[in-house]
Amino acid sequence: MGLPWIWRVKASLGETMAPVGSKLLGQLPTTIFTTMSALAAETGSVNLGQGFPDDEGPAFLRQKAAEYILAGPSQYPPMAGLLALREAVAAHDRRFYGLNFDPGSQVLVTSGATEALAAALFGFLNPGDEAIVIEPAYDSYAPIIRLVGATPRFLRLEAPEWRLDQTRLEALCNAKTRVLILNSPMNPIGKVFGRDELEMIAVVAQANDLRVICDEVYEHIIFPGASHVPLMTLPGMGERCVRIASAGKTFSLTGWKVGYASGPAQLIGLMAKAHQFLTFTTPPALQLAVAHGLEQPDDYYAQLGNDLGAKRDRLAQGLVAAGFHPLPAKGTYFLVVDLSGKGVKNDSEFAVELAKKAGVVAIPLSAFYEVDGPQHLLRFCFSKQFDVLDNAIERLKRALIPA
Ligand code: PMP
Ligand code: GLN
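Residues numbered from 1 in each chain as written. Chains lettered and ligands numbered in written order. Predicted model: local features only at pLDDT ≥ 70, side-chain atom pairs only at ≥ 80, totals over all residues. Heavy atoms only, no water.

Student: Quick rundown of the overall build of the chain? Include the residues and the values.
Tutor: Scanning the chain from terminus to terminus reveals 15 helices and 13 strands. The C-alpha radius of gyration of the chain comes to 22 Å, within 12% of the 22 Å expected for a compact globule of 403 residues. Its C-alpha atoms put the chain at 70 × 65 × 55 Å along the principal axes. Out of the 403 residues in the chain, the part that is buried amounts to 54%. Contacts spanning at least 24 positions in sequence make up 75% of the contacts within the chain whose residues lie at least 6 apart. In the form shown here, the chain has an accessible surface area of approximately 17700 Å², with 55% of it arising from carbon and sulfur atoms. Charged side chains of the chain number 36 positive and 40 negative; the gap between the two group centres comes to 4 Å. (Helix = DSSP H or I, 4+ residues; strand = E, 2+ residues; numbered from the N terminus. Rg over C-alpha atoms; globule rule 2.2 N^0.38 Å. Buried < 20%, exposed > 50% of the residue type's maximum accessible area, 1.4 Å probe, protein only. Contact = heavy atoms within 4.5 Å. Areas by Shrake-Rupley, 256 points an atom, 1.4 Å probe, with all protein chains shown as cover. Lys, Arg positive; Asp, Glu negative; His and termini not counted. Charge placed at Lys NZ, Arg CZ, Asp CG, Glu CD.)

The following block contains the structure:
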């Protein structure tokens with residue numbers, strides 16, 4: 001045998017394989033979204049946990065994708081994405097934000113925003129660097145920062161105001177800090193950062209020479225009265241920011257996993273270096289259908305916000321009627337309820353109880369924190385049909401309101 005002696009011994013003992021496994025990933029649990037969707041299936045619950053719409057998405061885009069699947073193209077598209085989609089992203093960014101990107105060098109198509117986020121972190125960071133993450137935070141940020149060998153530093157926003165504190169942000173910066181991740185509109189709390197807070201971030205980013213990865217997947221899921229301002233539109237920020245968005249959210253097609261990033265050529269180039277080894281490309285038929293989606297008139301986008309705003313209102317009213325206290329949400333798919341006064345000591349246990357007793361699944365907010373998250377908050381997803389939301393409310397009332 002060509003095996004080293006130690007393996008000949010192990011093989012003789014019946015041990016034929018060396019242990020493998022990433023220590024970092026091994027210690028992480030399965031994501032809360034997968035876990036809670038499994039609990040919903042197991043308990044027959046209405047699933048208001050994982051964030052996705054409960055219909056199949058716009059028929060006109062699925063029709064387009066089907067046509068492109070039949071007609072092609074089917075082979076590898078260019079690594080940075082089909083030009084038609086890159087042009088559509090640049091035109092979208094010009095139309096909505098007055099940004100001017102060269103589709104050839106300043107736009108990158110990725111397999112979902114998740115991949116774009118990973119590409120940005122792999123592209124911008126080195127081992128030993130630090131990256132600031134605002135909590136409560138989307139679950140993919142910190143693990144990817146650590147996979148790069150960098151260290152996440154957490155800035156907490158506190159309920160119910162969730163206001164950014166410039167002094168605390170500044171205090172987190174040091175000579176190793178390279179990156180800040182900003183998610184606005186913000187999952188899980190439905191916050192849309194106001195111009196004053198964006199200005200604070202711009203001041204800190206410029207003073208500390210940070211690059212900002214702007215996770216703007218919910219850019220069009222904002223409700224009447226709120227407006228989304230990309231950080232990169234603020235003076236001096238264009239060179240420091242990349243903007244990441246997703247057809248999953250903008251076209252209610254979360255399973256398609258088509259994402260796109262735009263920003264200065266230097267930063268997009270760094271992301272492309274990582275992207276070429278992560279997924280290299282994204283299905284071309286879906287890219288072309290998404291390009292068609294991005295070209296829709298303003299009405300399409302306004303309708304998206306209006307429809308989801310109506311769903312937010314329906315769920316919020318129902319939650320109040322069921323005895324919950326929802327916090328305001330200006331965007332995203334999510335409402336957070338404050339359980340203070342309900343005697344809840346552990347939000348995860350409460351969420352499991354709620355699934356078993358009421359048949360409704362929500363996400364405990366502590367899952368969005370590194371350590372010692374608050375235990376009195378729960379996230380409900382409202383991107384569901386009215387009758388599904390109503391059914392959830394009826395179940396909550398039945399289980400929680402004494403007859
Ligand atoms: N960022 C945030 C804040 C999200 O909520 C999500 C999930 N929808 C993503 C990124 C990932 O988006 P995608 O499904 O396009 O990978
Ligand atoms: N973004 C979705 C949420 O916050 C989940 C995405 C996922 O399951 N990875 O619920």
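Structure shown, so let's carry the discussion forward.
Student: So, the site of ligand 2: which residues are in play, and what are the values?
Tutor: Every residue lining ligand 2 is accounted for by Phe 33, Gln 50, Gly 51, Tyr 138, Asn 187, Tyr 218, Phe 334 and Arg 379. Contacts to ligand 2 include Gly 51, whose backbone N or O atom sits 2.7 Å from an oxygen atom. A distance of 3.4 Å separates a nitrogen atom of ligand 2 from a polar atom in the side chain of Tyr 138. Contact with the protein chains hides 80% of the accessible area of ligand 2, taken as 300 Å² for the molecule alone. For the shell around ligand 2, a count of residues per class yields four nonpolar, three polar and one charged. (Near = heavy atom within 4 Å. Polar contact = N/O pair within 3.5 Å; in protein donor to acceptor, adjacent residues only side chain to side chain. Nonpolar A, V, L, I, M, F, W, Y, C, P; charged D, E, K, R; others polar.)

Student: Report on the pairing of strand E5 (residues 177–183), specifying residues and quantitative values.
Tutor: For a regular strand, side-chain orientation follows a simple rule: the groups alternate between the two sheet faces. In terms of residue burial, E5 counts as a mostly covered element, since six of its seven residues are buried. Examined bridge by bridge, E5 and strand E6 (residues 211–215) share five bridges and lie parallel to one another. Residue Leu 182 lies in a different strand from E6, and its bridge partner there is Cys 214. Handedness of the crossover is the feature at issue here: the chain leaves E5, passes through helix H9 (residues 195–207), returns alongside E6, and the resulting connection is right-handed. (Pairing = 2+ DSSP bridges. Right-handed = clockwise from strand over helix to strand, strands pointing away.)

Student: I'd like to hear about the packing of helix H14 (residues 347–358) against helix H15 (residues 386–400), residue by residue, with values.
Tutor: As a packed pair, H14 and H15 sit with axes 9 Å apart at the nearest point and diverge in direction by 95 degrees. Between H14 and H15, the crossing angle belongs to the class labelled roughly perpendicular. Each of Leu 354, Lys 357 and Ala 358 in H14 lies in contact with H15, whose residues at this interface are Arg 395, Leu 396, Ala 399 and Leu 400. The residue makeup of the contact of H14 with H15, split by class, is five nonpolar, no polar and two charged. (Axes fitted to C-alpha atoms, helices over the stretch in contact; angles between N-to-C directions. Parallel < 35°, antiparallel > 145°, perpendicular 65-115°, else oblique.)

Student: Let's hear about the sheet that holds strand E7 (residues 241–246): which residues, and what values?
Tutor: Taking strand neighbours across the sheet as the criterion, the seven strands line up as E2-E8-E7-E6-E5-E3-E4 in an open arrangement whose pairing is mixed. The sheet is open, and its two borders are formed by strand E2 (107–110) and strand E4 (151–156), each paired with just one other strand. For this sheet the average axis-to-axis angle between neighbouring strands, irrespective of direction, equals 20 degrees.

Student: Which residues make up the sheet that holds strand E13 (residues 377–381), and what are the values?
Tutor: Sheet architecture is open: four strands sit in the order E9-E10-E13-E12, paired in antiparallel fashion. Sheet topology places strand E9 (325–326) and strand E12 (363–364) at the edges, where each strand pairs with a single neighbour. Bridge count for E9 against strand E10 (residues 334–338) is two bridges, and the pairing is antiparallel. Along E10, the bridge assignment pairs His 325 with Asp 338. The sheet strands contacting helix H13 (residues 298–321) are E9, E10 and E13, and the helix crosses E10 at an angle near 15 degrees.

Student: If you had to explain the pattern of salt bridges to someone new, which residues and values would you point to?
Tutor: Side-chain pairs of opposite charge can arise where the charged atoms are in close proximity. The full count for this structure, using the stated rule, is 16 salt bridges. When the shortest N-O distance is used, the salt bridge between Arg 211 and Asp 209 registers 3.1 Å. For Lys 357, the salt bridge is made with Glu 353, and the minimal N-O distance between the two is 2.8 Å. Taken together, the residues span about one helical turn, with Lys 357 and Glu 353 both in helix H14 at a distance of four residues. Owing to a relative accessible area of 63%, Lys 357 belongs among the exposed residues under this scheme. Since its relative accessible area comes to 36%, Glu 353 is described here as partly exposed. Ionic contacts of the salt-bridge type, sharing partners, join the residues Asp 93, Glu 216, Glu 219 and Arg 243 into one network. (Salt bridge = Lys/Arg side-chain N within 4 Å of Asp/Glu carboxyl O.)

Student: Please provide a residue-by-residue account of the site of ligand 1, values included.
Tutor: Taken together, 14 residues form the shell around ligand 1, and within it Thr 114, Asp 215, Ser 246, Lys 249 and Lys 257 come nearest. Between ligand 1 and Ala 113, the relevant distance is 2.8 Å, taken from an oxygen atom to a main-chain nitrogen or oxygen of the residue. In the complex, 93% of the free accessible area of ligand 1, which totals 400 Å², lies under the protein chains. Residue contributions to the shell around ligand 1 peak at four residues, all from helix H6 (residues 112–124). Residues of the shell around ligand 1, tallied by class, amount to six nonpolar, five polar and three charged.

Student: I'd like a description of the environment of Arg 243, backed by residues and values.
Tutor: Considering the arrangement of structural elements, one finds Arg 243 in strand E7. With 30 residues separating them along the chain, Arg 243 and Ile 213 place their C-alpha atoms 6.6 Å apart. Separated by 2.8 Å, the side chains of Arg 243 and Glu 219 make a polar contact.

Student: Please give an account of the side chain of Ser 262 that cites residues and values.
Tutor: Counting through the fold element by element, Ser 262 comes out in strand E8 (residues 259–262). Here the side chain of Ser 262 touches Asp 93 through a polar contact of 2.6 Å, side chain to side chain.

Student: So what about the nonpolar core? Which residues, and what values?
Tutor: Residues Ile 213, Leu 231, Phe 251, Met 271, Phe 380 and Leu 396 are the most contacted members of the largest nonpolar core, which totals 131 residues. Broken down by element, this core gets its largest block of residues, eight residues, from H6. For Met 271, the contacting residues outside a window of four places in its chain are Leu 108, Ala 116, Ala 119, Ala 120, Phe 124, Val 242, Ile 244 and Ala 261. (Core = buried A, V, L, I, M, F, W, Y, C linked by side-chain atoms within 4.5 Å.)

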